[in-house]
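One letter stands for each residue in the lines below.
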Amino acid sequence: MNRAPAAQDPESARRRLRALAARHGSTPGQDREPPRAVPLSGSQRSMWLHDRLTPESATYVETVAFDLSGPLDSAALRSALHTVVRDQDALRTVFVTGDSGPVQVVRTGADAGPGLTEVTCGAGVHTRDDVIALADADGLFAPFDLGNGPLARARLHRLSPTRAVFVLAVHHLIWDGASTGILLHALFTAYETALGGATPAPQPPAVTYPEYVRAERGRWAGTRFRDSVDHWANRLATAAPPGDPAPGMASRPGAVLERPVPATVVDTLRSTAPRLGCTPFMLLVAALSAALRPASLPADTVLAAPMSVRTPGTERLIGNLVHTLPIPLELPAGASRRTYVEQVRTACAEAWEHRAVPLEQVVASVPQHRAAHDRYTRTILDHVRLPDPLHGRAGLSWTPHWLPGRTAKCELLIAWIETADTTIMRVEYPTATRSPESAGLLADRVLDTLQALLDDLDAPLATLPTTEPAPAPAGPSADPAPGPSAEVPPAVRAAAHQAWQEVLGVDDLDDEDDFFALGGRSMDAARIAAKTGAALDLVLRTRTVLEADCFGDFVARVGRIHEKNSD
């Protein structure tokens, strides 16, 4: 069983921490324990190590932006940022190596954090994307010096007298997804106060990050934590070991592709999840794992997901309070989609129940997988709900955005990002292993799979669309060449006819009818393939629909696949 590190003599540990704090420009707090130099949290340890292995990489540089619309007082915004930096330890933290390894030092004074640089944009800079490109060229998103800091950079880009973009680049060691909303509300509140001519009062969180780390280490010695370590050891010992990690993953250039998610899909996802006793995130896990599955079942797979480990009192605390943990899944042969969703629900619930164990301790709990840290996080699914825009008394509106990274964090990161009025699916990937075209096809297929899953939960799991190619058949082509449909079994024609009618909303069909002329799109093709395949217990690819010359040609292709499957 994996155990937490052995406790050191408290007084000697305090003396070393005080010495480090003094050396790096901080003094221990008199009314708060522990001292202002503290060990790393469980979520920070492995991230710090990866960053040190590739210090020239911007892998862990996170970026948020606030679109500011309306009359803006730069001095009030600068005062507001000063207030937030004063209240939030994370924004004044650096990471140094002491006698016992890395520690974080919280520097005193708001001047130890990021200041605000204002830039008036010239001609040709009109949108947020233009601003980001300009900021990137100016080095705003360059790697951070962990030992000297600050580990955040803030810039205000003026587009016009009533339009601006506030951009914050920050190291992931001191930041998580929830920190975006915390910063937005803290900045907004302090700005409104400063705008009225008053000095913003201190608004520190109820729990500081050093206090959170101290409490976390105390929990490591508890029975509940040891039980969670045992859970991971038992769960992963029987799971198939993950594949080899890609070499140099932490420093590989990345690219981003985004797809808007139709409102009908979002609404169906939100209404279906409660009926199944699960969350929308669980259905997203089911859809993504099914889309990435091998062409033949049964199969094992592992997705990873960031999970919040915030405790009471940390609701207003900026910092890294998230563990990215594996969700091991088994895709059984012959199961229905509903049955698989139930299995995913159980796997997600178990991971959430035992999320207090940091990933490095999860991996260390399984001796045969101890070198598999990166392997468990090759594919990550992140479900993000951005805070709603805020509107000030003087007419200034604040709209938050989470911007993509510039270096690939893993082989594939799928982010489902919800705002007040839109939902997008973001795909981040290394350019060395995936092209923009293949990333686009993958994004479309994941959405197709989600739609098919929601359309018919009682159909076979194996008939869902997959990004993996089907096994090559004995013949020269996966899809038989076009041919007459007269000899196709009636059941095949009936299944195809019903699928086209339901998906395309047509009453009558002739063999000469063209899919695209009837208004068909790629998602419609995926739904037709899924519905026809489910009715005939076949795995049909979307291309079977898209490459057919007409309805009769589609029937013929399905008939030939059906015949081969029967043999």
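Some thoughts on the overall build of the chain
What the chain contains, in helices and strands, is 16 helices and 15 strands. Within the chain, residue pairs in contact and separated by at least 24 positions form 74% of the contacts whose partners lie at least 6 positions apart. For the chain, the accessible area works out to roughly 24,100 Å², and carbon and sulfur atoms hold 52% of it.

With respect to the sheet that holds strand β4 (residues 101-106)
Sheets are built from strands that pair by backbone hydrogen bonding, the pairs being arranged parallel or antiparallel. The sheet built from three strands is open, its strands ordered β1-β4-β3 with antiparallel pairing. Looking at which strands have only one partner, the edges of the open sheet turn out to be β1 (37-39) and β3 (93-98). Direction aside, neighbouring strands of the sheet carry axes that sit 35 degrees apart on average. Bridge count between β1 and β4: three bridges; the pairing is antiparallel. Paired with Pro39 across the bridge in β4 is Val103.

A look at the sheet that holds strand β7 (residues 163-171)
Here six strands make up an open sheet; going across it, the order is β5-β6-β7-β2-β13-β12 and the pairing mixed. Two strands close off the open sheet at either side, each with one partner strand: β5 (116-120) and β12 (390-391). Pairing between strand β2 (residues 61-69) and strand β13 (residues 397-403): seven bridges, direction antiparallel. Paired with Ser69 across the strands is Ser397, a residue of β13.

Things to note about the environment of Gln88
As for its placement among the helices and strands, Gln88 is situated in the loop between α3 (74-87) and β3. As a C-alpha pair, Gln88 and Pro204 span 116 residues in sequence and 6.5 Å in three-dimensional space. Leave out the neighbours within four places in its chain, and Gln88 touches Ile182, Pro205, Arg316, Leu317 and Ile318. Among the polar contacts made by the side chain of Gln88, one reaches the main-chain amide nitrogen of Ile318 at a distance of 2.9 Å.

As for the packing of helix α8 (residues 263-275) against helix α12 (residues 436-455)
The interhelical angle for the contact between α8 and α12, taken along N-to-C directions, is 45 degrees, at an axis separation of 10 Å. It follows from the interaxial angle that α8 and α12 lie oblique. Of the two elements, α8 crosses α12, and the hand of that crossing is left-handed. Facing Val265, Thr268, Leu269 and Thr272 of α8, the residues of α12 in contact are Leu450, Gln451 and Leu454. When its residues are assigned to classes, the contact of α8 with α12 shows four nonpolar, three polar and no charged.

Observations regarding the environment of Leu403
Tracing the backbone shows Leu403 in strand β13. Accessibility expressed as a relative area gives 10% for Leu403, which makes it buried. Sequence-distant contacts of Leu403, that is, excluding residues within four places in its chain, are made with Thr63, Ala65, Arg128, Ile132 and Arg426.

Some details on helix α16 (residues 551-566)
Between the first and last C-alpha of α16 there are 22 Å, a value that for 16 residues agrees with the 22 Å anticipated at 1.5 Å per step. Within α16, burial applies to Phe551, Gly552, Asp553, Phe554, Val555, Ala556, Arg557, Val558, Gly559 and Ile561.

Here's the deal with the nonpolar core
Membership of the largest hydrophobic core comes to 67 residues, with the highest contact counts inside it found for Leu68, Leu77, Phe166, Leu168, Leu187 and Trp398. If one sorts the elements of this core by residue count, helix α5 (residues 177-195) sits on top with eight residues. Setting aside residues up to four positions removed in sequence, Leu168 forms contacts with Glu62, Thr63, Val64, Ala152, Arg153, Ala154, Trp175 and Leu183. Counting 64 residues, the second largest nonpolar core, distinct from the first, contains Cys278, Val285, Tyr429 and Leu450.

Brief notes about helix α2 (residues 42-53)
Along α2, the residues that are buried comprise Gly42, Ser43, Gln44, Ser46, Met47, Trp48, His50 and Asp51. The inward-facing, buried residues of α2 contact β3, β4, β7, α6 (209-220), β10 (322-331) and α11 (359-364).

A word on the packing of helix α13 (residues 490-504) against α16
Each pair of packed helices can be summarised by the angle the axes make with each other and by the distance between the axes. Following both chains from N to C, one finds α13 and α16 inclined at 130 degrees, their axes separated by 9 Å at the closest point. Judged on the interaxial angle alone, α16 and α13 are oblique. Relative to α16, α13 is oriented so that their crossing is right-handed. Between α13 and α16, the residues in contact are Val492, Arg493, Ala496, His497 and Trp500 and Phe551, Phe554, Val555, Val558, Gly559 and His562, respectively. Among the residues making up the contact of α13 with α16, the classes are represented as seven nonpolar, three polar and one charged.

Describing the confidence of the model for the chain
For the chain, per-residue confidence averages 85 on the pLDDT scale, and 85% of positions sit at 70 or higher. Of all secondary-structure elements in the chain, the lowest mean pLDDT belongs to helix α1 (residues 10-23), at 51, while β12 reaches the highest, 97. Considering only residues more than four positions removed or in separate chains, one finds that residues 23-35, a stretch of pLDDT under 50, has 31 contacts. Contacts for the low-pLDDT stretch residues 470-486, under 50 throughout, to residues beyond four places or in other chains number 29 contacts.

Definitions and cut-offs
Here the residue numbers are simple positions, counted from 1 along each chain's written sequence. Local features in a predicted model are, by the rule used here, given only for residues with pLDDT of at least 70; side-chain atom pairs are given and counted only at 80 or more, and totals for whole chains, interfaces and linings are based on all residues. Hydrogens are left out, water is left out, and the side-chain values use all remaining heavy atoms of the structure. Secondary structure elements follow DSSP: runs of H or I of four or more residues count as helices, runs of E of two or more count as strands, with numbering from the N terminus. Should any heavy atoms of two residues lie within 4.5 Å, those residues are counted as being in contact. Surface accessibility in these figures is a Shrake-Rupley result with a 1.4 Å probe; residues are shielded only by whichever protein chains are displayed. At least two DSSP bridges between two strands are needed for those strands to be called paired. A fitted line through C-alpha atoms serves as each axis, taken over the contacting stretch for helices, and the angle formed by two N-to-C directions is quoted from 0 to 180°. Pairs of N or O atoms within 3.5 Å make up the polar contacts considered here, provided that, within protein, one atom can donate a hydrogen while the other can accept it, and that residues adjacent in sequence are counted only when both atoms are side-chain atoms. When describing relative orientation, an angle under 35 degrees is termed roughly parallel and one over 145 degrees roughly antiparallel, while 65 to 115 degrees is termed roughly perpendicular and anything else oblique. Helix crossings are classified by the rotation of the near helix relative to the far one: an anticlockwise turn of less than a right angle makes the crossing left-handed, while a clockwise turn makes it right-handed. Here the nonpolar group is Ala, Val, Leu, Ile, Met, Phe, Trp, Tyr, Cys and Pro; Asp, Glu, Lys and Arg are the charged ones; every other residue, Gly included, is treated as polar. Relative accessibility under 20% of the residue-type maximum defines a buried residue, over 50% an exposed one, and the middle range a partly exposed one, all with a 1.4 Å probe and only protein chains included. Helix span, expected: 1.5 Å multiplied by one less than the number of residues in the helix. Put simply, buried Ala, Val, Leu, Ile, Met, Phe, Trp, Tyr and Cys residues joined by side-chain atoms within 4.5 Å make one nonpolar core. Confidence scores per residue from the predictor, reported as pLDDT, run from 0 to 100.

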